[in-house]
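# A look at the structure
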Amino acid sequence: MKIAIVCYPTFGGSGVVATELGLELARLGHEIHFITYSQPVRLALLNPNVHYHEVNVPEYPLFHYQPYELALSSKLVDMVKLHKIEILHVHYAIPHAYAGYMAKQMLKDEGIEIPMVTTLHGTDITLVGNHPFYKPAVSFSINKSDVVTSVSQSLKDDTYSLFNIKKDIHVIPNFIELDKNSNDPSIACRRSVMAKPNERIITHISNFRKVKRIPDVVKIFYKIQQEIPAKLMMVGDGPEKEKAEALCQELGILDKVIFFGNSNEIDKILSYSDLFLLPSETESFGLAALEAMAWSVPVISSNSGGLSEVNFEGISGYLSDVGKTDEMAINALKILRDDEALLKFKNNALTVAKKFDIKNILPLYVKLYEKAIKKY
Ligand code: GMT
């Protein structure tokens, strides 16, 4: 199949899912065209089946806001015609589903009919898309998609309750490429660089937005390090990072916390982590938690959104109500205090992660594409 993938190219989860999906489809022999405003961070262009087309928005002084949707839909039209693309897969509803729909209409005018799959990722529904300024356009473009998927049952339920959606939503969970972890020799374990042998390594990875409840991460760690020797790895960047650094200083734990910023070495960091913290306000799936579990790292998370579909209570970690940092710290210590418990949770985390192996999830997308293309 010739597939166009539209996504955000940044470190965020939806961009990572879209990129890994496209790369795996390319490995299976499909022709993949990534269409976005800059090269996705995890995109390796060394496969002849992978193409990247940049959307450029020329600056014009008249425009207070540069019209990205217009540029994207025009680029989609051009690329579909040039490369004979058979299907559009847009990740994140805003504005991708909207631009995709406009591209479909323009192509229809020229006698070209092409199906569009829209994958909902979370904040496009629960936070941003739900805003009254966007809601009508988001509802419209979801309803006009040929196939709609969501990354968890929880997100599917949220979509139906927040929007007037008449379409069937297929739940296809996010996935992880497990083979990569054992096959990549460059991921050498460098634990000693980060912590002493007796210190537990605790990690948080996110875009440091408010929704991630970064102060809760620091508070949980503060309580843990009062009981056992530990270090905190803070990976990622965003509006809450500076406040987190200030809070660590205020609590006198700055020497036990490493702020990495955005990193391309997430696998290395996870390979020596003992525990992952994700106390988010809301999380439609929690890809970062799954990535940790794939490295045998147990997870302490909130129980919001789709997190309970990924992190299994008492098995791969523990879940608490949002903001219950005392309980989260107590649960963390249950995992970290002795080696035997830690090993059990580590093994369980990997076992649960295996359910989300890309090999199990990819065929679900392929089936939907084939069905959608056949219908046209
Ligand atoms: O807030 C983020 O983590 C970024 C956001 C995105 O769109 O990249 O993540 C959303 O999509 C991810 C991939 O499907 C999910 O794993 C995250 O749970 C979801 N974030 C939220 O729902 C807050």
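One numbering rule holds for all chains: residues counted from 1, following each sequence as written. Whole-chain, interface and lining totals are the exception, using all residues; otherwise, since this is a predicted model, local features are given only for residues with pLDDT of at least 70 and side-chain atom pairs are given and counted only at 80 or more.

Now for the sheet that holds strand β11 (residues 275–278). With respect to topology, 6 strands assemble into an open sheet ordered β10-β9-β8-β11-β12-β13, the strand pairing being parallel. Since the sheet does not close on itself, it has two edges, and those belong to β10 (257–261) and β13 (317–320), each with one partner. Shown here is a sheet whose adjacent strand axes are inclined to one another by a mean of 20 degrees, direction ignored. A pair of strands is treated as paired once DSSP finds two or more bridges between them. Secondary structure follows DSSP: runs of H or I at least 4 residues long count as helices, runs of E at least 2 residues long count as strands, and numbering of each begins at the N terminus. Of the strand pairs in this sheet, strand β9 (residues 230–235) and β10 are connected by 4 bridges, and their pairing is parallel. Bridge pairing in β10 links M234 to F259. Note on geometry: axes are C-alpha line fits, over the in-contact stretch for helices, and angles between N-to-C directions span 0 to 180 degrees.

This next bit is on the domain arrangement of the protein chain. Annotation of the protein chain at the domain level lists domain 1 (2–175 + 357–375) and domain 2 (179–354). Per the annotation, domain bounds derive from an automatic or database assignment of domains. Between domain 1 and domain 2, the C-alpha centre-to-centre distance is 30 Å. The contact criterion used here is simple: two residues whose C-beta atoms, placed from the backbone, lie within 7 Å are in contact. Listed per partner, the contact involves 17 residues of domain 1 and 14 residues of domain 2. Here the term charged refers only to Asp, Glu, Lys and Arg, the term nonpolar to Ala, Val, Leu, Ile, Met, Phe, Trp, Tyr, Cys and Pro, and the term polar to all other amino acids, Gly among them. Tallied by class, residues from the side of domain 1 that touches domain 2 come to 7 nonpolar, 9 polar and 1 charged.

Moving on, we get to the UniProt feature "domain: Glycosyl transferase family" (unreviewed entry) in the protein chain. UniProt positions are given in the numbering used here, feature names are shortened, and annotations may be inferred rather than shown by experiment. On the UniProt side, "domain: Glycosyl transferase family" (unreviewed entry) is annotated at positions that read residues 195–349 here. Structurally, residues 195–349 comprises 40% helix and 19% strand, and the distance from its first C-alpha atom to its last is 22 Å.

A few words now on the pairing of strand β2 (residues 31–36). A large share of β2 lies buried, amounting to 5 of its 6 residues. Looking at chain direction, strand β1 (residues 2–6) and β2 are connected through 5 bridges and run parallel. When the sheet's bridge partners are listed, A4 is paired in β2 with H33. By convention, a crossover is right-handed whenever its connection, traced from the first strand over the helix to the second and viewed with the strands pointing away, goes clockwise. Handedness of the β-α-β unit built from β1, helix α1 (residues 13–27) and β2 comes out right-handed. Bridge count between β2 and strand β3 (residues 50–54): 5 bridges; the pairing is parallel. Its bridge partner lying in β3, H33 is registered against H51. For every residue, the other C-beta atoms within 10 Å of its own C-beta are counted; 20 or more classify it as buried, 12 or fewer as exposed, and values in between as partly exposed. C-beta atoms are placed from the backbone.

Let us now look at the sheet that holds β1. With parallel pairing, the 7 strands of this open sheet are ordered in space as β3-β2-β1-β4-β5-β6-β7. Of all strands in the sheet, those bounded by a partner on one side alone are β3 and β7 (169–171). Within this sheet the neighbouring strands show an average axis-to-axis angle of 25 degrees, counted without direction. Across 4 bridges, strand β5 (residues 116–120) lies against strand β6 (residues 147–150) in parallel orientation. Opposite L120, over in β6, you have S150 as the bridge partner. Contacts from helix α6 (residues 153–162) reach β5, β6 and β7, with the element oriented near 160 degrees to β7.

Moving on, we come to the site of the ligand. Being near a molecule or strand means, for a residue, that its C-beta atom, positioned from the backbone, comes within 6 Å of it. Among the 20 residues in the neighbourhood of the ligand, the closest are listed as G12, G13, S14, G122 and L287. At 4 residues, the largest contribution of residues to the shell around the ligand is made by α1. Looking at side-chain class alone, the shell around the ligand contains 6 nonpolar, 13 polar and 1 charged residues.

The next subject is the packing of helix α12 (residues 287–294) against helix α14 (residues 339–354). For any two helices packed against each other, the geometry is given by the interaxial angle and the distance between the axes. Orientation of α12 relative to α14, taken along the N-to-C sense of each, is 120 degrees, at an axis distance of 7 Å. With respect to their mutual orientation, α12 and α14 come out oblique. α14 is crossed by α12, and the crossing has left-handed handedness. Contacts from L290, M293 and A294 of α12 reach α14 at A349, L350, V352 and A353. An angle below 35 degrees is read as roughly parallel, one above 145 as roughly antiparallel, one from 65 to 115 as roughly perpendicular, and any other as oblique. In this scheme the crossing of two helices becomes right-handed for a clockwise turn of the near helix relative to the far one and left-handed for an anticlockwise turn of less than a right angle.

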